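Take a look at the letters that make up each chain.
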Amino acid sequence: MDFTKIFVGGDWRTGRGGLVDSINPADGRVVTRYGTAGVDDVKDAVAAGQRAVADPEWRAMLPHQRARILTRIGDAIEADVDTISVLQTADTGKSRAETRALALSAASTFRYFAAALETMDESLTSPRGRYLTLSLHEPIGVIGAITPWNSPIASDAQKIAPALAAGNAVVLKPAEWTSLVSLHLAGIIAAQGLPKGLLSVLPGPGRIIGEAIVRHPGVGKILFTGGTATGRRIAAAAAEKLMPVSLELGGKSPTIVLPDADIDQAIAGILFGIFSSSGQSCIAGSRLFVARSLYDAFVPRLVERTKALRVGPGTAPDTQVAPLVSTLHRDTVADFVERALADGATLLCGGGRPEGALYDNGAYYLPTILAGVTNDAAICREEVFGPVLVVMPFDDEADLIAQANDSVYGLAAGIWTQNFPRAYALARQLEVGTVWINTYKQFSISTPFGGWKDSGLGREKGRDGIRAHMQQKSVYVGLDPSPLPWA
Ligand code: NDP
């Protein structure tokens with residue numbers, strides 16, 4: 001496959017940003033070189049998007065016709081799942097099982113928004129005079145989508161599908177570390193009959209290409225997933241333009257084990273919640289609170305199960321913990337752990353790179369559990385974005401809620417108990433966007449997702465996900481043939 005060209009306004013062209021190496025995190029080898037955009041490519045992409053949304057071919061296309069294109073895109077992604085999975089594993093290091101699941105999730109996302117679009121109604125509001133009042137929705141125009149490296153194709157789809165369903169054009173900037181699948185996705189989408197200009201995919205550095213998209217006067221909304229610092233910067237730039245933004249940001253999610261939890265079920269869920277995706281997940285359950293009465297029996301079992309997790313390359317079928325996205329990121333994770341240990345944390349397992357020739361050139365880090373700290377320690381406050389879990393006891397419900405909510409983040413939480421009324425009462429008190437009870441890290445495209453506090457602004461997914469990419473318009477139709485009384 002040739003990744004040297006970028007996708008600007010429906011054409012493949014040599015980007016003005018030059019070629020960059022894509023590195024396989026499993027062995028440090030160059031996968032391929034890919035093209036990146038320059039600022040002039042951003043200008044061309046936005047101009048092409050503006051032309052495409054104004055073109056009657058798209059503007060007047062009926063919802064069911066637009067939905068048909070989205071369905072075709074979903075089916076084409078699914079038909080290509082093996083190629084996408086191989087490519088994404090090479091680019092991100094993730095296990096093949098995970099990259100397959102991400103590709104299938106992207107396919108479902110397009111089909112879901114196709115179905116949602118077909119069932120979307122406009123409303124006739126209650127009349128307050130001799131006129132009809134309609135509440136309608138129009139596309140915003142050109143939408144900028146900026147995505148991170150941790151779940152590339154799924155995050156791309158979650159932004160592109162509803163934005164197109166709403167009738168917009170999309171300029172996508174994928175993360176530098178993982179641009180290959182986004183370029184590949186552009187090829188799939190272009191082949192399904194989407195009118196030219198409605199999608200551009202512009203790899204390149206966030207501080208140049210991302211900023212240029214955000215600040216471009218022709219871009220009417222930004223959909224962003226990434227770190228909180230970048231999200232804040234984008235929100236500030238958006239404020240100057242009075243432009244809406246949707247921000248899906250970081251997390252430091254609490255997982256709670258109550259005394260009556262099913263221990264085996266809880267341990268399996270906790271391991272999946274923090275160590276799948278090698279912890280590179282905004283919703284990773286990275287702070288574990290265990291009822292003090294259970295703590296001494298529970299934690300050794302958790303540690304034993306963690307040590308048994310299989311660390312290896314994403315291409316090995318039995319791998320559970322694959323390499324991190326890059327050696328640079330692995331070193332950042334290692335640094336968090338070193339600082340926590342220097343601050344007095346106790347290492348229960350992991351805490352370093354696995355040994356053996358297989359791991360020498362890869363960005364591997366062992367699943368790690370730390371204890372002996374309180375919730376105010378830096379390791380409990382900062383997002384590590386790696387396979388690092390901190391375990392803490394709690395005494396009673398008031399203590400638990402205070403600790404769980406004592407975070408700048410508010411993305412997700414998990415509760416393990418067999419007492420549903422108690423779990424429900426707790427769930428209502430947690431300051432987070434998503435709560436899982438007796439499960440974790442499960443997603444449904446039909447269920448809104450987003451964060452509280454520093455974890456974000458706005459919601460993605462769900463039927464309202466299409467409306468979020470539109471602007472409302474009210475229309476009054478006079479029914480009285482006589483002149484208005486004032487005149
Ligand atoms: P970053 O915020 O660094 O990057 C995210 C994206 O923003 C990348 O495409 C990046 O480009 C781009 N970017 C960087 N600087 C700017 C800028 N000044 N203007 C516009 N765009 C910019 O986050 P990471 O890539 O490190 O991703 C990890 C973070 O994402 C974690 O904090 C995680 O919690 C969060 N995340 C949140 C999710 C959620 O749904 N809430 C889901 C997944 C991740 P480039 O990298 O190419 O330079």
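Basis of the calculations
Residues numbered from 1 in each chain as written. Predicted model: local features only at pLDDT ≥ 70, side-chain atom pairs only at ≥ 80, totals over all residues. Heavy atoms only, no water. Helix = DSSP H or I, 4+ residues; strand = E, 2+ residues; numbered from the N terminus. Rg over C-alpha atoms; globule rule 2.2 N^0.38 Å. Lys, Arg positive; Asp, Glu negative; His and termini not counted. Charge placed at Lys NZ, Arg CZ, Asp CG, Glu CD. Domains from an automatic or database assignment. Buried area = accessible area lost by both parts, 1.4 Å probe. Nonpolar A, V, L, I, M, F, W, Y, C, P; charged D, E, K, R; others polar. 1 Å grid on protein atoms, 1.4 Å probe; cavity = no way out; pocket = protein on both sides within 12 Å on 5 of 7 lines; lining within 4 Å. Points joined across faces, edges and corners; volume = space filled by probe spheres on them. Phe/Tyr/Trp six-rings, centres within 6.5 Å; stacked < 30°, edge-to-face > 60°. Buried < 20%, exposed > 50% of the residue type's maximum accessible area, 1.4 Å probe, protein only. Lys NZ or Arg CZ within 6 Å of the ring centre and 35° of its normal. Pairing = 2+ DSSP bridges. Right-handed = clockwise from strand over helix to strand, strands pointing away. Polar contact = N/O pair within 3.5 Å; in protein donor to acceptor, adjacent residues only side chain to side chain. Contact = heavy atoms within 4.5 Å.

A. Focus on the overall build of the protein chain. In terms of regular secondary structure, the protein chain is built from 16 helices and 22 strands. In summary, the protein chain has a C-alpha radius of gyration of 24 Å against a globular reference of 23 Å for 487 residues, a match within 12%. A principal-axis box enclosing the C-alpha atoms of the protein chain has dimensions of 80 × 55 × 40 Å. Averaged over its 46 positive side-chain charges, the protein chain has a centre that lies 5 Å from the centre of its 49 negative ones.

B. View of the domain arrangement of the protein chain. Under the domain assignment, the protein chain is made up of domain 1 (5-249 + 455-474) and domain 2 (254-437). Between domain 1 and domain 2, roughly 1600 Å² of surface is buried when both sides are summed, and carbon and sulfur atoms account for 59% of that area. Those elements that provide at least two residues to the side of domain 1 that touches domain 2 are helix H4 (81-92) and helix H5 (96-118). When grouped by side-chain class, the residues that make up the side of domain 1 that touches domain 2 number five nonpolar, nine polar and five charged.

C. Highlighting the layout of surface pockets. For the second largest pocket, the calculated volume is near 340 Å³. Counting only elements with at least two residues in the lining of the second largest pocket, the list comes to helix H2 (56-59), helix H3 (63-79), strand S6 (131-139) and helix H16 (464-467). Top contributing element to the lining of the second largest pocket by residue count: S6, with three residues. When grouped by side-chain class, the residues that make up the lining of the second largest pocket number eleven nonpolar, two polar and six charged.

D. Looking closely at the packing of aromatic side chains. Scanning all chains against the criterion turns up ten aromatic pairs. Geometrically, the ring pair formed by Trp149 and Trp177 is tilted, given 5.7 Å between the ring centres and 55° between the ring planes. One end of the pair, Trp149, is in the loop between strand S7 (142-146) and helix H6 (152-165); the other, Trp177, is in the loop between strand S8 (169-173) and helix H7 (180-190), with 28 residues separating them in the sequence. Taking the relative accessible area as the measure of exposure, Trp177 reaches 35% and is therefore partly exposed. Between Phe420 and Tyr424, the aromatic rings sit 6.0 Å apart at their centres with planes inclined by 35°, giving tilted as the arrangement. You can see Phe420 and its partner Tyr424 sitting in helix H15 (residues 420-429), four residues apart, about one turn around the helix. Among the aromatic side chains, those forming a connected cluster through ring pairs are Trp436, Tyr440, Phe443 and Phe449. Above the face of the Phe336 ring, Arg339 is positioned so that its terminal group lies 5.0 Å from the ring centre. Just above the ring of Phe272 sits the side chain of Lys441; from NZ or CZ to the centre is 5.6 Å.

E. A look at the pairing of S8. With respect to burial, S8 is a largely interior element, five of its five residues being buried. Where burial is concerned, the two faces of S8 agree: the one with Ala169, Val171 and Lys173 and the one with Val170 and Leu172 are both buried. Relative to S8, S7 is paired through five bridges, and the arrangement is parallel. Each bridged residue has a counterpart across the sheet, and for Ile146 the counterpart in S8 is Lys173. Viewed along the sheet, the connection from S7 through H6 into S8 turns out right-handed. Relative to strand S9 (residues 199-201), S8 runs parallel, the two being bridged by three bridges. For Val171, the partnering residue across the bridge sits in S9 and is Ser200.

F. How the structure looks around the side chain of Ser22. Looking at the secondary structure, you find Ser22 in strand S3 (residues 18-23). At 2.5 Å, the side chain of Ser22 and the side chain of Asp91 are in polar contact. In contact with Ser22, not counting residues within four places along its chain, are Arg29, Val30, Val31, Thr32, Tyr34, Asp91 and Leu180.

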